[in-house]
Amino acid sequence: MSNIADMIESYILRQLAARQDGQVELRRTDIADEISCAPSQISYVLSTRFTQDKGFVVESRRGLGGFIRIVQVPLKDLVYEDMISKIDVHTDMSTMQSMVRYLAQHGMVETREAALMMQTVTGLYRSKTLDARERVQMLRTMLLTLEKFT
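Criteria and cut-off values
Residues numbered from 1 in each chain as written. Predicted model: local features only at pLDDT ≥ 70, side-chain atom pairs only at ≥ 80, totals over all residues. Heavy atoms only, no water. UniProt positions renumbered as here; feature names shortened; annotations may be inferred. Helix = DSSP H or I, 4+ residues; strand = E, 2+ residues; numbered from the N terminus. Domains from an automatic or database assignment. Pairing = 2+ DSSP bridges. Axes fitted to C-alpha atoms, helices over the stretch in contact; angles between N-to-C directions. Contact = heavy atoms within 4.5 Å. Expected span 1.5 Å × (residues − 1). Buried < 20%, exposed > 50% of the residue type's maximum accessible area, 1.4 Å probe, protein only. Arc of directions from axis to C-beta.

Undergrad: What am I meant to see in the UniProt feature "domain: CtsR C-terminal dimerization" (unreviewed entry) in the protein chain here?
TA: In the numbering used here, UniProt assigns the feature "domain: CtsR C-terminal dimerization" (unreviewed entry) to residues 80-143. A helix fraction of 75% and a strand fraction of 0% characterise residues 80-143, whose end C-alpha atoms lie 7 Å from each other.

Here's what the structure looks like:
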């Protein structure tokens, strides 16, 4: 017999799988009644198993009319968002190259795309005519474009 946390997680994942849009809105009391558990156990499962680094966004309201909205976000979207947020005027060429290598190693870009990206990164950092703000804009645009097409 699995423990209560596993049962709660399984219930929520089944509800998510039944939806096409990757999001579900549930009520704590409904889950508690279905599984025969305390609402605090549901809160524990949400805070430990449905985290952003695992690809979930959870919005919760307590009280009358309260709900739990769980949205499953593809991890690749989170990776791109994180990378884009880290690119600023202080980001150096080796950091950008590491980002490109990460994308290639995790199958988020093909080898050919990674090679083109590396050439672009090198060219942007070696350019004598671009200032740092323009370089940041171009690097962010490159990653935003990739995110849209993956």
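Undergrad: Just checking my understanding: could you explain the domain arrangement of the protein chain for this structure?
TA: Interface size, as often reported, equals the accessible area lost upon joining of the parts. With domains assigned, the protein chain is organised as domain 1 (4-72) and domain 2 (75-149). A straight line from the C-alpha centre of domain 1 to that of domain 2 covers 35 Å.

Undergrad: How should I be thinking about the sheet that holds strand 3 (residues 67-72) in this particular structure?
TA: Sheets are built from strands that pair by backbone hydrogen bonding, the pairs being arranged parallel or antiparallel. The three strands lie next to each other as 1-3-2, forming an open sheet whose pairing is antiparallel. Unpaired on one side and paired on the other, strand 1 (23-26) and strand 2 (56-61) mark the two borders of the sheet. The mean angle between the axes of side-by-side strands here comes to 10°, regardless of whether they run parallel or antiparallel. Of the strands in this sheet, strand 1, strand 2 and strand 3 are in contact with helix 1 (residues 4-17), which crosses strand 1 at around 125°.

Undergrad: For this particular structure, what's the right way to read helix 6 (residues 111-126)?
TA: Residues lying three or four places apart along an α-helix face the same way, a consequence of the helix completing one turn every 3.6 residues. Here helix 6 is 16 residues long and its end C-alpha atoms lie 23 Å apart, about the 22 Å a rise of 1.5 Å per residue gives. Those residues of helix 6 not exposed but buried are A114, M117, M118, V121, T122, L124 and Y125. Buried residues along helix 6 cover an arc of 165° about the axis, so they all sit on one side. Facing away from the buried side of helix 6, by more than 90 degrees, are the exposed residues R112, L116, Q119 and R126. Here the buried face of helix 6 lies against helix 5 (93-105) and helix 7 (132-148).

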